[in-house]
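Here is how the chains run, residue by residue.
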Amino acid sequence: MDTKKLSLRLEKAASYVQLGARLADIGSDHAYLPCALAAAGRIESAIAGEIIEGPFQIATKQVERLGLQKMVTVRLGDGLTIIDPESDQLTAITICGMGGALIASILEEGKQLEKLTGKERLILQPNKDEAELRTWLVKHGYQMMHEALLEESGKLYEIMVAEKANFLPVVATEADIAFGFHLRKEKSPLFIKKWQNELAKNTQILADLSKSATEQSAKMNCFKARIDNIEELLR
């Protein structure tokens, strides 16, 4: 991938990284995002985290090929365990392309291990389970600064940008958690499209369940009638 041309979802996520940030990109996908930001001079430094040896080696070679070793460090490890808060002094963390439940578990582990200081801007792109991720953020006092919805290759993606609210409690309604703090108020065409699709899908599931229940009921009635007939025969 050309470092100057990220995918649409990574480009949008990158746009929320502060100028001069000290970034950690977890599950870095060949270090595309940190390399693009470093090559553009938009960040001070970056850590590209990979959990599997193969992608770790590819990311390392990508950084070396671009001559970005002084700005981008590739580390092998699980989630935020690769972070040293004292020496890394992170101001931003990006986690893109995973399920919301998995992202929440990575953040929870990072919190338990004291890898999160609360000073980092969290830029998150879940592929699913967005409500579960919002629940974690609210529970741990993160305020939703921005939300974005975009379409790429026929698929809709949400991006969340959250920062620790140190003094004020974070208040969220069920609608905020389910549909997004900002997204549900903006109601963009993509938002309408997403939830029309969800409505159609859930309506079909309900219809299938109802049909299945009817079929099961019919089978049970058939067996009952057969039992009655046999019992009558044996009298």
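That block above? That's the structure.
## Notes on the sheet that holds strand S4 (residues 92-98)
In spatial order, the strands read S3-S2-S1-S4-S5-S7-S6; together these seven strands make up an open sheet with mixed pairing. Looking at which strands have only one partner, the edges of the open sheet turn out to be strand S3 (72-76) and strand S6 (142-152). The sheet shows a mean angle of 15 degrees between the axes of neighbouring strands, taken without regard to direction. Where strand S2 (residues 43-50) meets S3, five bridges bridge the pair, whose relative direction is parallel. When the sheet's bridge partners are listed, alanine 48 is paired in S3 with valine 74. On top of the sheet, helix H3 (residues 53-65) reaches S2 and S3; it is set at about 165 degrees to S3, its chief contact. Where helix H6 (residues 130-139) meets the sheet, it contacts strand S5 (121-126), S6 and strand S7 (155-164), and its direction lies at approximately 5 degrees from that of S7.

## Quick notes on the side chain of glutamate 50
For glutamate 50, the location among the structural elements is in strand S2. One buried charge, glutamate 50, has no salt-bridge partner; the nearest side chain with opposite charge is arginine 9, at 11 Å. At a separation of 2.9 Å, a polar atom in the side chain of glutamate 50 contacts the main-chain amide nitrogen of aspartate 29.

## A word on the packing of helix H5 (residues 100-112) against H6
Each pair of packed helices can be described by the angle between their axes along with the distance between the axes. Axis separation between H5 and H6 bottoms out at 7 Å; the angle between their running directions is 25 degrees. As far as their axial angle goes, H6 and H5 are roughly parallel. The hand of the H5/H6 crossing is left-handed. On H6, the residues touching Gly100, Ala101, Ile103, Ala104, Leu107, Glu108 and Lys111 of H5 are Glu132, Leu133, Trp136 and Leu137. In terms of residue class, the contact of H5 with H6 is built from seven nonpolar, one polar and three charged.

## A word on the pattern of salt bridges
Taken as a whole, this structure holds 10 salt bridges when the rule is applied. Between arginine 134 and glutamate 158 there is a salt bridge, with its nearest N and O atoms 2.5 Å apart. One end of the pair, arginine 134, is in helix H6; the other, glutamate 158, is in strand S7, and 24 residues separate them in sequence. No difference in accessibility class separates arginine 134 from glutamate 158, as the two residues are buried. Residue arginine 184 is joined to aspartate 176 by a salt bridge in which the shortest nitrogen-to-oxygen separation is 2.9 Å.

## What about the layout of surface pockets?
Here the largest pocket defines a volume of roughly 300 Å³. Around the largest pocket, the lining comprises 19 residues; the ones closest to its centre are Asn127, Glu130, Leu156, Lys194 and Glu198. Those elements that place two or more of their residues in the lining of the largest pocket are H6, S6, S7 and helix H9 (189-234). Considering each element in turn, the lining of the largest pocket owes the most residues, six residues, to H9. Here the residues of the lining of the largest pocket are counted per class, giving six nonpolar, three polar and 10 charged.

## A word on the packing of aromatic side chains
Inspection of the entire model under this criterion finds three aromatic pairs. Ring centres of phenylalanine 179 and tryptophan 195 lie 4.7 Å apart, and the angle between their planes is 80 degrees; this geometry places the pair in the edge-to-face category. Remark: tryptophan 195 occurs in helix H9 and phenylalanine 179 occurs in helix H7 (residues 174-179); sequence separation between them is 16 residues. Classification of phenylalanine 179 by relative accessible area gives partly exposed; the value is 33%. Its relative accessible area of 25% is what places tryptophan 195 among the partly exposed residues. Aromatic side chains phenylalanine 191 and tryptophan 195 sit 6.4 Å apart centroid to centroid with 55 degrees between the ring planes, which places their arrangement in the tilted category. Of this pair, phenylalanine 191 and tryptophan 195 both sit in helix H9, separated by four residues, roughly a single helical turn. An aromatic cluster is defined as three or more aromatic residues linked by ring pairs; in this entry it consists of Phe179, Phe191 and Trp195. Against the face of tyrosine 157 rests arginine 9, its NZ or CZ located 5.8 Å from the ring centre.

Quick notes on the rules
- Residues numbered from 1 in each chain as written.
- Predicted model: local features only at pLDDT ≥ 70, side-chain atom pairs only at ≥ 80, totals over all residues.
- Heavy atoms only, no water.
- Pairing = 2+ DSSP bridges.
- Helix = DSSP H or I, 4+ residues; strand = E, 2+ residues; numbered from the N terminus.
- Axes fitted to C-alpha atoms, helices over the stretch in contact; angles between N-to-C directions.
- Contact = heavy atoms within 4.5 Å.
- Buried < 20%, exposed > 50% of the residue type's maximum accessible area, 1.4 Å probe, protein only.
- Lys, Arg positive; Asp, Glu negative; His and termini not counted.
- Salt bridge = Lys/Arg side-chain N within 4 Å of Asp/Glu carboxyl O.
- Polar contact = N/O pair within 3.5 Å; in protein donor to acceptor, adjacent residues only side chain to side chain.
- Parallel < 35°, antiparallel > 145°, perpendicular 65-115°, else oblique.
- Left-handed = near helix turned anticlockwise from the far one by under 90°.
- Nonpolar A, V, L, I, M, F, W, Y, C, P; charged D, E, K, R; others polar.
- 1 Å grid on protein atoms, 1.4 Å probe; cavity = no way out; pocket = protein on both sides within 12 Å on 5 of 7 lines; lining within 4 Å.
- Points joined across faces, edges and corners; volume = space filled by probe spheres on them.
- Phe/Tyr/Trp six-rings, centres within 6.5 Å; stacked < 30°, edge-to-face > 60°.
- Lys NZ or Arg CZ within 6 Å of the ring centre and 35° of its normal.

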